[in-house]
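# Structure at a glance
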Amino acid sequence: MTVRVEFFFDLSSPWTRLAFANIRPALDGLDCSITWRPFLVGGVFNAVNPSVYESRKPENAARLARSFGWLKQWAELAGVGMNFPSEHHPLKSVNAMRFCCALEEEQEALERFAHAAFEAYFTHARNLDDPAVLVAVANEAGLGGAALAERAAKATLGHLGLDAEDWEISLLGCDDARIAVLNEDFRDKPQPTNVLSW
């Protein structure tokens, strides 16, 4: 009997990056299939494990450094590139996971994109919060990045019950002071972040 493995993942998770790289070799020779399930781990943290954000505070830096050290040792043992944490950490993976969700019905394409995105972020320290980088990563995986970005945007609007023809997506470049105001207005968090999306 074929065993079905469901692999839930978020492109921002370094431990998931290790599991993603190793699950196929670990299951080699077994009668099983893998179904890739993208989800937004930050949403889960916000709901059930907000203490993860406490661990990133300066007073916990030594403990976090040890954890990252162990992560790199595990990555080396597994033969997985791990240039982490990079200047783009922590990743706000909403857009990257929208790309993944747009591919969920095409499992082979989803696996190719996820592999390329994990490599881009964890091995090459590329910024997956940048939509242009996501498009480039999709292109490198042979998936047509611009078309995938459009699919992801339309799927997001459709999920919200909005007709994509009636809406547009725009980008705002601003300084820390302005984004802190936006964060306070829309998220009740009066501090600057590198990305704010809604």
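Residues numbered from 1 in each chain as written. Predicted model: local features only at pLDDT ≥ 70, side-chain atom pairs only at ≥ 80, totals over all residues. Heavy atoms only, no water.

Quick look at a nonpolar patch on the surface now. Among the surface-exposed residues, Trp15, Trp70, Trp74 and Leu77 lie close enough to one another that they form a single nonpolar patch of about 540 Å² accessible area. In terms of residue count, the dominant contributor to the nonpolar patch is helix H4 (residues 61-78) (three residues). Relative to the elements of secondary structure, Trp70 occurs in helix H4. (Patch = residues over 30% accessible without salt bridge, like charges linked within 9 Å, V, L, I, M, F, W, Y side chains within 5 Å. Areas by Shrake-Rupley, 256 points an atom, 1.4 Å probe, with all protein chains shown as cover. Salt bridge = Lys/Arg side-chain N within 4 Å of Asp/Glu carboxyl O. Helix = DSSP H or I, 4+ residues; strand = E, 2+ residues; numbered from the N terminus.)

So, about the environment of Leu91. In this fold, Leu91 is placed in the loop between H4 and helix H5 (94-102). For the pair Leu91 and Tyr121, spaced 30 residues apart in the sequence, the C-alpha separation amounts to 9.0 Å. Apart from residues lying up to four places away in sequence, Leu91 is in contact with Leu11, Ser12, Tyr121, Asn127, Leu128 and Asp129. (Contact = heavy atoms within 4.5 Å.)

One way to put it is that helix H7 (residues 131-140) packs onto helix H8 (residues 145-159) with a least axis distance of 7 Å and a crossing angle of 120°. On the basis of the axis angle, H7 is oblique to H8. In terms of crossing hand, the pair formed by H7 and H8 is right-handed. Here H7 contributes Val135, Ala138 and Asn139 to the contact with H8, which in turn contributes Gly145, Ala146, Leu148 and Ala149. (Axes fitted to C-alpha atoms, helices over the stretch in contact; angles between N-to-C directions. Parallel < 35°, antiparallel > 145°, perpendicular 65-115°, else oblique. Left-handed = near helix turned anticlockwise from the far one by under 90°.)

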